[in-house]
Amino acid sequence: MHRGEANRLAILGAGPVGLEAALLGVRLGFEVQVYERGRIGEHLHRWGHVRMFTPFGMNSTAAGRQAILAEKPDHTFPANDECITGREHVRIYLEPLARTKLLKDRIHTECQVVAVGRERWTKSDSRADAKASLPPFRLLVREKNKERIETADYVFDCTGTFGRHRWLGEGGIPAVGESAHEAAICYGLDDIAGERKGHYAGRTTLVVGGGFSAATSVVMLSELASSAPETWVIWLARTSSTLPIRRVPNDPLRERDRLAVRANTLATRADGNVEFHPHSFVTAVESLGQDKGFRVTARIGRSGQQRTWEVDRLIANVGYLPDWGLLGELQLACCPITSALPRLGAALLERDGEAGRIPAMTPELLRTSEPDLFVLGAKSFGRDSRFLLGVGFEQVRQVLQMLTGKKIPGE
Ligand SMILES: Cc1cc2nc3c(=O)[nH]c(=O)nc-3n(C[C@H](O)[C@H](O)[C@H](O)COP(=O)(O)OP(=O)(O)OC[C@H]3O[C@@H](n4cnc5c(N)ncnc54)[C@H](O)[C@@H]3O)c2cc1C
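What counts, and at which threshold
Residues numbered from 1 in each chain as written. Predicted model: local features only at pLDDT ≥ 70, side-chain atom pairs only at ≥ 80, totals over all residues. Heavy atoms only, no water. Buried < 20%, exposed > 50% of the residue type's maximum accessible area, 1.4 Å probe, protein only. Helix = DSSP H or I, 4+ residues; strand = E, 2+ residues; numbered from the N terminus. Pairing = 2+ DSSP bridges. Right-handed = clockwise from strand over helix to strand, strands pointing away. Domains from an automatic or database assignment. Contact = heavy atoms within 4.5 Å. Buried area = accessible area lost by both parts, 1.4 Å probe. Salt bridge = Lys/Arg side-chain N within 4 Å of Asp/Glu carboxyl O. Polar contact = N/O pair within 3.5 Å; in protein donor to acceptor, adjacent residues only side chain to side chain. Near = heavy atom within 4 Å. Areas by Shrake-Rupley, 256 points an atom, 1.4 Å probe, with all protein chains shown as cover. Patch = residues over 30% accessible without salt bridge, like charges linked within 9 Å, V, L, I, M, F, W, Y side chains within 5 Å. Lys, Arg positive; Asp, Glu negative; His and termini not counted. Charge placed at Lys NZ, Arg CZ, Asp CG, Glu CD. Core = buried A, V, L, I, M, F, W, Y, C linked by side-chain atoms within 4.5 Å. Axes fitted to C-alpha atoms, helices over the stretch in contact; angles between N-to-C directions. Left-handed = near helix turned anticlockwise from the far one by under 90°. Nonpolar A, V, L, I, M, F, W, Y, C, P; charged D, E, K, R; others polar. Phe/Tyr/Trp six-rings, centres within 6.5 Å; stacked < 30°, edge-to-face > 60°.

### Brief notes about the pairing of strand S9 (residues 232-236)
Part 1 of the argument: Within S9, 4 of the 5 residues are buried, leaving the element largely enclosed by the surrounding structure.
Part 2 of the argument: Of the pairings in the sheet, the one linking strand S8 (residues 204-208) to S9 comprises 5 bridges and is parallel in character. Its bridge partner lying in S9, Leu206 is registered against Ile234.
Part 3 of the argument: One ladder, built from 4 bridges, connects S9 with strand S10 (residues 274-277); its direction is parallel. Each residue of the ladder has a partner; that of Val233, found in S10, is Val274.
Part 4 of the argument: This β-α-β element, S9 to helix H8 (residues 254-269) to S10, shows right-handed connectivity.

### With respect to the domain arrangement of the protein chain
Part 1 of the argument: Partitioning the protein chain into structural domains gives domain 1 (8-162 + 320-404) and domain 2 (170-316).
Part 2 of the argument: A separation of 31 Å is found between the C-alpha centroids of domain 1 and domain 2.
Part 3 of the argument: Domain 1 puts 18 residues into the contact, and the matching count from domain 2 is 13 residues.
Part 4 of the argument: When domain 1 packs against domain 2, the two sides together hide about 1100 Å² of surface, and 67% of this comes from carbon and sulfur.
Part 5 of the argument: Summed over the shared surface of domain 1 and domain 2, the result is 0 salt bridges.
Part 6 of the argument: Across the contact surface, domain 1 and domain 2 share 3 residue pairs in polar contact (both at pLDDT 80 or more).

### Overview of the site of the ligand
Part 1 of the argument: Inspection of the region around the ligand gives 28 residues, with Glu36, His43, Phe53, Thr54 and Leu389 positioned closest.
Part 2 of the argument: Taking Phe53, its main chain carries an N or O atom lying 2.8 Å from an oxygen atom of the ligand.
Part 3 of the argument: Burial of the ligand by the surrounding chains reaches 92%, relative to a free accessible area of 980 Å².
Part 4 of the argument: When residues of the shell around the ligand are traced back to their parent elements, those giving at least two are helix H1 (16-27), helix H2 (42-46) and strand S4 (111-118).

### Notes on a positive patch on the surface
Part 1 of the argument: There is a patch of like positive charges on the surface, built from Lys72, Arg99, Lys101 and Lys104.
Part 2 of the argument: One can find Lys101 in the loop between helix H5 (86-98) and strand S3 (107-108).
Part 3 of the argument: For Lys101, a relative accessible area of 64% puts it in the exposed group.

### Things to note about unusual backbone geometry
Part 1 of the argument: With a phi close to 50 degrees, Glu110 is a non-glycine residue in the positive phi region.
Part 2 of the argument: Structurally, Glu110 can be placed in the loop between S3 and S4.
Part 3 of the argument: Residues other than glycine seldom take positive phi values, yet Asp291 does so here, at roughly 55 degrees.
Part 4 of the argument: Along the polypeptide, Asp291 turns up in the loop between strand S11 (280-287) and strand S12 (294-300).
Part 5 of the argument: Asp291 gets classed as exposed once you look at its relative accessible area, which sits at 54%.

### Looking at the nonpolar core
Part 1 of the argument: Core analysis: the biggest nonpolar cluster contains 78 residues, and Ile11, Val116, Leu139, Val155, Phe156 and Leu327 have the highest contact counts within it.
Part 2 of the argument: Apart from the residues lying within four places of it in its own chain, the contact partners of Val155 are Leu9, Ala10, Leu12, Val116, Phe137, Leu139, Asp372, Leu373 and Phe374.
Part 3 of the argument: Formed by 23 residues, the second largest nonpolar core is a distinct cluster that contains Ile245, Leu259, Ala260 and Val274.

### Quick notes on the packing of helix H7 (residues 212-227) against H8
Part 1 of the argument: Put simply, H7 and H8 touch, their axes get as near as 9 Å, and they point 60 degrees apart. As H7 runs across H8, the sense of the crossing is left-handed. Listed contacts from H8 to Phe212, Ala215, Thr216, Val218, Val219, Ser222 and Glu223 of H7 are Arg256, Leu259, Ala260, Arg262, Ala263 and Leu266.
Part 2 of the argument: For the contact of H7 with H8, the class distribution of residues is 8 nonpolar, 2 polar and 3 charged.

### Thoughts on the pattern of salt bridges
Part 1 of the argument: Applying the stated criterion to the full structure yields 20 salt bridges.
Part 2 of the argument: Residue Glu370 pairs with Arg118 through a salt bridge whose shortest N-O separation is 2.8 Å. Taken as a pair, Glu370 in the loop between helix H10 (363-366) and strand S15 (373-375) and Arg118 in strand S4 lie far apart in primary sequence, 252 residues in all.
Part 3 of the argument: On the accessibility criterion, Glu370 (1% relative accessible area) is buried.
Part 4 of the argument: For the salt bridge of Arg148 with Glu143, the shortest nitrogen-to-oxygen distance reads 2.7 Å.
Part 5 of the argument: Judged by its relative accessible area of 26%, Arg148 falls in the partly exposed class.
Part 6 of the argument: Connected through shared salt-bridge partners, Arg39, Glu42 and Arg46 make up one network.

### Focus on the sheet that holds strand S13 (residues 305-311)
Part 1 of the argument: In spatial order, the strands read S11-S12-S13; together these 3 strands make up an open sheet with antiparallel pairing. Both edges of this open sheet fall to S11 and S13, since each of them pairs with a single strand only. Each strand of the sheet is rotated relative to its neighbour by a mean of 20 degrees, with strand direction disregarded.
Part 2 of the argument: Note: S12 against S13, 7 bridges, orientation antiparallel. By the bridge assignment for S13, Arg299 is matched with Gln306.

### Here's the deal with the packing of aromatic side chains
Part 1 of the argument: Enumeration over the complete set of coordinates arrives at 9 aromatic pairs.
Part 2 of the argument: When the centroid spacing of 5.7 Å and the interplanar angle of 25 degrees are considered together, the rings of Phe56 and Phe77 count as stacked. On the criterion of sequence distance, the pair formed by Phe56 in helix H3 (residues 56-59) and Phe77 in the loop between helix H4 (62-71) and H5 is long-range, its members being 21 residues apart.
Part 3 of the argument: Phe56 sits in the buried class, given a relative accessible area of 1%.
Part 4 of the argument: The exposure class assigned to Phe77 is partly exposed, which follows from its relative accessible area of 22%.
Part 5 of the argument: Each ring, one from Phe381 and one from Phe387, has its centre 5.3 Å from the other, and the planes form 75 degrees; the classification is edge-to-face.

If you want it as structure tokens, here you go:
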């Protein structure tokens, strides 16, 4: 191990990347504890009805599958090339992995890490002469409304980004009135074809956003319109292109490309109960009363002409943000543009606009200015939505190899 007996590893988040880190960490002899604010795979539960666009083989690892099969030889996995939903992935892979003997007593669910600092130190203390002997991390943990302190020699922050939404207003700040109605606006991915059908059927919904989440919402609403023809969709996006979703050239992920094509077709076709307004910037959101809908105002087109709609439902698929506040008392900062890890963020910016291309995960890109603290998984990419699980698994391998000096086989 890197520093003699000091091998306590605290992992924040039991999403796919946190669980992979826990599995490999235990195998390498770390004293692992995982703290999870919600359930195993909490964020996947929240968009569980959505079909993943990467196949199962890319969303799981040989180490994970073997760990499950070692205890449950009859457990069956989907084919490596099968695309299953988020909920199925939790049931078939993440939960069984969390239940293995290796991990089950180390995972604390419904247990939030509120803040991370260091024993005796604060952010502003000089570390110039203490590099070799930095004290352990202190974690303020909240479980069932009770708080306690846990300590660790290493921290892997795998808390993702799905827990914090961005704002729909122009310039990325809340539109006038938006924060007051935050609870009534859907910032995630409602199960429009399933349990939330009654909420959207026959209603007019305004969708804001130009990424794959917005595409998913618009496609689901337009499918709902075939059984409930009164369903209508107004789609606003910042792009000036008449095609809202930027396709990845020769996209190897067919599910993702299929979604992009379907959404772009709906935006341009004009007969699918969808009207698309490019170059739109929302300025104000007003409530029409409890469950009576919203009045939404936006500047649209090159002229910036103001337009107002009265709609029943409002979906803001405008992206998510990592929570760097959690690490606020440590000496590290995120990339000021991407909110990703600083070096990784800079490397991502070099390939900005190239949807399929991301940098190779080297230890240099993953190292932070706070020794022994690593930010892995979707959070490490900040606002950049090109993160894929395979990248997160590679990050875990790279960091554990760096800490232990042991070679960890890849996929
Ligand atoms: C709708 C959608 C579909 C996607 N589909 C794919 C896909 O098909 N393929 C793909 O490769 N990627 C996909 N992604 C991108 C990405 O892989 C996922 O977001 C994935 O869940 C990221 O895994 P993670 O482990 O980094 O973080 P998460 O899955 O977000 O896990 C973070 C965990 O940390 C917990 N947590 C947060 N804060 C705290 C705290 N303070 N203390 C303790 N616990 C905390 C959360 O509850 C959560 O369980 C998709 C993303 C979205 C939003």
